[in-house]
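The chain contents come next:
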Amino acid sequence: MTAAIDIATVWAFIIAFAVFVYIVMDGFDLGLGILFPLFPQKSDRDVIMNSVAPVWDGNETWLVLGGGGLMAAFPLAYAVLMPALYTPMIVMLLGLVFRGVAFEFRWRTRPSERNRWDIPFFAGSLLAALAQGIALGAILQGVHVEGRHYAGGWWDWLTPFSILTGIALAIGYALLGATWLVMKTEGPLRDKAYHLSWFLLFAMISAIGAVSIATPFLHIQYTQRWFSWPGILLTAPVPVAVAAVTLLLLRSLARKRDYQPFFLTLTLFALSYAGLGISMWPYIVPQSITIWQAASPENSQVFMLFGVAVLIPLILGYTGWAYYVFRGKVKAGSGYH
């Protein structure tokens, strides 16, 4: 039993890691699309697209790994959560499809026609970001489970809290996109990205605060985890760390640093993700199903673990190499396409 618990825990952290890496790597990508209307000049949009063109299509690898790992390692959780989240998941996938098509076709049309593909690029990015945040909020607030089945309705995912988390994630992605532009561009485009980063940072901190205040009221277990002893020993450092990182981020923007704003924003995402994990643990379907109740047979999890032990280092290796090869600033008139 101890071994089974250990393997299930390992798989929970593997899936959490894959989802977080997806958020990190595709978040700034989606954020660039969300910010697209704020950069009306064609030359600026070309630079923005070229800053992410070499790496954008590999970022979804982690989404596939997270979803596939959930289905294989925790099939009960997958069977319960997917019917509860059909609508936001379909919207997310459609957004990613439209966005991907727009990304490729934008470079294959006459310059006068490019704006028509800029619209689906923005809309697909925004829809995907909102859908991901709404799905996260729907999971966090819990789903109606009877026995081993989802027993809720088609629209249970749509609540004020899920809308709040959707907006919060879209704001966070936009901040990631703005700080990515700070790191990858120069001149007036970089200056505008700095300006946007200030507003988006305050919006993101406000969104984090709103979600953090609302979360303990969802379930009594969340309240006990965050405010009772000894759980407060784990939770208290999180808001303190968020405040400290925010101050460092403000200082880095004031001093017009190139790299610090992006990585400090990633740190804010990591802290928020840690807070989410602290709230949910050990449930994979909050308040209904734990990771051990949802786990597939131990032999299956051990067998898959060998494959993941090879696959994850390979993905990290080629991803790191791609970012290394295309490092540095992106200049107008040059790029991947």
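Note that the structure is a prediction, hence the values are computed from the model and not measured.

Quick notes on the rules
Residues numbered from 1 in each chain as written. Predicted model: local features only at pLDDT ≥ 70, side-chain atom pairs only at ≥ 80, totals over all residues. Heavy atoms only, no water. Helix = DSSP H or I, 4+ residues; strand = E, 2+ residues; numbered from the N terminus. Rg over C-alpha atoms; globule rule 2.2 N^0.38 Å. Buried < 20%, exposed > 50% of the residue type's maximum accessible area, 1.4 Å probe, protein only. Contact = heavy atoms within 4.5 Å. Areas by Shrake-Rupley, 256 points an atom, 1.4 Å probe, with all protein chains shown as cover. Phe/Tyr/Trp six-rings, centres within 6.5 Å; stacked < 30°, edge-to-face > 60°. Lys NZ or Arg CZ within 6 Å of the ring centre and 35° of its normal. Axes fitted to C-alpha atoms, helices over the stretch in contact; angles between N-to-C directions. Parallel < 35°, antiparallel > 145°, perpendicular 65-115°, else oblique. Left-handed = near helix turned anticlockwise from the far one by under 90°. Core = buried A, V, L, I, M, F, W, Y, C linked by side-chain atoms within 4.5 Å. Salt bridge = Lys/Arg side-chain N within 4 Å of Asp/Glu carboxyl O. Nonpolar A, V, L, I, M, F, W, Y, C, P; charged D, E, K, R; others polar. Expected span 1.5 Å × (residues − 1). Patch = residues over 30% accessible without salt bridge, like charges linked within 9 Å, V, L, I, M, F, W, Y side chains within 5 Å. pLDDT = per-residue confidence, 0-100.

Enquirer: Looking at this structure, I do not really get the overall build of the protein chain. What am I missing?
Expert: When you go through the protein chain residue by residue, the secondary structure sums to 14 helices and four strands. Computed over the C-alpha atoms, the radius of gyration of the protein chain is 20 Å, within 12% of the 20 Å expected from 2.2 N^0.38 for a compact globule of 337 residues. Dimensions of the protein chain, computed from the C-alpha atoms along their principal axes, are close to 60 × 40 × 40 Å. For the protein chain, buried positions account for 48% of its 337 residues. When contacts within the protein chain are restricted to residue pairs at least 6 apart in sequence, those whose partners lie at least 24 apart make up 80%. Carbon and sulfur atoms form 72% of the exposed surface of the protein chain, whose accessible area is close to 16000 Å².

Enquirer: How should I be thinking about the packing of aromatic side chains in this particular structure?
Expert: The description of an aromatic ring pair uses the distance of the two centres, along with the angle that the planes make with each other. Taken as a whole and judged by the stated rule, the model has 16 aromatic pairs. Pairing Trp281 with Trp292 gives two aromatic rings, centres 6.0 Å apart and planes at 80 degrees, and the pair type is edge-to-face. In this pair, Trp281 sits in the loop between α12 (260–280) and β3 (283–285) while Trp292 sits in helix α13 (residues 291–294), placing the two residues eleven residues apart along the sequence. By relative accessible area, Trp281 is classed as partly exposed at 34%. If you follow Lys192 out to its NZ or CZ, it ends over the ring of Phe39, 4.9 Å from the centre. One Lys or Arg, Arg327, reaches over the ring of Tyr324 and ends 4.0 Å from the middle of that ring.

Enquirer: So what exactly am I meant to see when it comes to the packing of helix α7 (residues 160–184) against α12 here?
Expert: Between α7 and α12, the least distance of the axes is 8 Å, while the angle of their chain directions is 160 degrees. Viewed along their axes, α7 and α12 adopt a mutual orientation that is roughly antiparallel. With respect to the hand of their crossing, α7 and α12 are arranged in left-handed fashion. Here α7 contributes Leu169, Gly172, Tyr173, Leu175, Leu176, Thr179, Trp180 and Met183 to the contact with α12, which in turn contributes Pro261, Phe262, Phe263, Thr265, Leu266 and Phe269.

Enquirer: Can you walk me through the nonpolar core in this structure?
Expert: Side chains of nonpolar character tend, in soluble globular proteins, to be buried together. One finds Trp62, Phe74, Tyr173, Ile284 and Val285 to be the most contacted residues of the largest nonpolar core, which totals 104 residues. Counting residues per element, this core draws most heavily on helix α1 (residues 2–35), at 17 residues. Those residues in contact with Val285 that sit more than four places away from it in its chain are Ala77, Val80, Leu81, Val143 and Val145.

Enquirer: Whenever I open this one, the environment of Trp107 confuses me. Can you help?
Expert: Note that Trp107 resides in the loop between α5 (86–105) and α6 (115–141). According to the relative accessible area criterion, Trp107 is buried, its value standing at 17%. As for Trp107 and Val21, which are separated by 86 residues in sequence, their C-alpha atoms are 28 Å apart.

Enquirer: I'm lost on the pattern of salt bridges in this one. Help?
Expert: Side chains that differ in sign of charge can pair as their charged atoms come close. With the rule as written, the count across this model stands at five salt bridges. Arg45 is the salt-bridge partner of Asp118, the closest N and O atoms lying 2.8 Å from each other. In this pair, Asp118 sits in helix α6 while Arg45 sits in helix α2 (residues 42–52), placing the two residues 73 residues apart along the sequence. Across the pair Lys329 and Asp258 runs a salt bridge, and its minimum N-O distance is 3.2 Å. In this pair, Lys329 sits in the segment after α14 (298–325) while Asp258 sits in the loop between α11 (237–254) and α12, placing the two residues 71 residues apart along the sequence. We classify Asp258 as partly exposed; its relative accessible area is 22%. When salt bridges that share partners are traced, they join Arg190, Asp258 and Lys329 into one network.

Enquirer: Where do I start with the packing of α6 against α7 in this structure?
Expert: Working note: a packed helix pair is described by the angle between its axes plus the distance between those axes. Taken N-terminus to C-terminus, the directions of α6 and α7 make an angle of 135 degrees; their axes are 7 Å apart at the nearest point. Taken as axis vectors, α6 and α7 run oblique relative to one another. Seen along the crossing, α6 lies across α7 with a hand that is right-handed. Residues Leu126, Ala129, Leu130, Gln132, Gly133, Ile134, Gly137, Ala138, Leu140 and Gln141 of α6 pack against Phe161, Ser162, Ile163, Thr165, Gly166, Ile167, Leu169, Ala170 and Tyr173 of α7. Along the lines of polarity and charge, the residues of the contact of α6 with α7 split into twelve nonpolar, seven polar and no charged.

Enquirer: In this structure, what is going on with α5? I would like to understand it.
Expert: In an α-helix there are 3.6 residues to a turn, and that puts residues three or four apart on one side. The first and last C-alpha atoms of α5 sit 28 Å apart over 20 residues, in line with the 28 Å expected at 1.5 Å per residue. Taken residue by residue, α5 has Thr87, Pro88, Met89, Met92, Gly95, Leu96, Arg99, Gly100, Ala102 and Phe103 as its buried positions.

Enquirer: In this structure, what is going on with a nonpolar patch on the surface? I would like to understand it.
Expert: Together, Tyr86, Ile90, Leu94, Phe98, Trp154, Trp155, Leu158, Ile163 and Ile167 give the surface a local cluster of nonpolar side chains, amounting to about 920 Å² of exposed area. Those elements that provide at least two residues to the nonpolar patch are α5 and α7. Within the secondary structure layout, Trp155 lies in the loop between β2 (149–150) and α7. Here Trp155 falls in the exposed class, since its relative accessible area comes to 53%.

Enquirer: Looking at this model, I keep getting lost on the confidence of the model for the protein chain. Mind explaining?
Expert: The predicted coordinates should not be examined in detail at positions where pLDDT is low. Looking at the protein chain as a whole, its pLDDT mean stands at 84, while 94% of the residues score no less than 70. Of all helices and strands in the protein chain, the one with the weakest mean pLDDT is helix α10 (residues 232–235) (70), whereas α7 scores best (93). Considering only residues more than four positions removed or in separate chains, one finds that residues 1–5, a stretch of pLDDT under 50, has three contacts.

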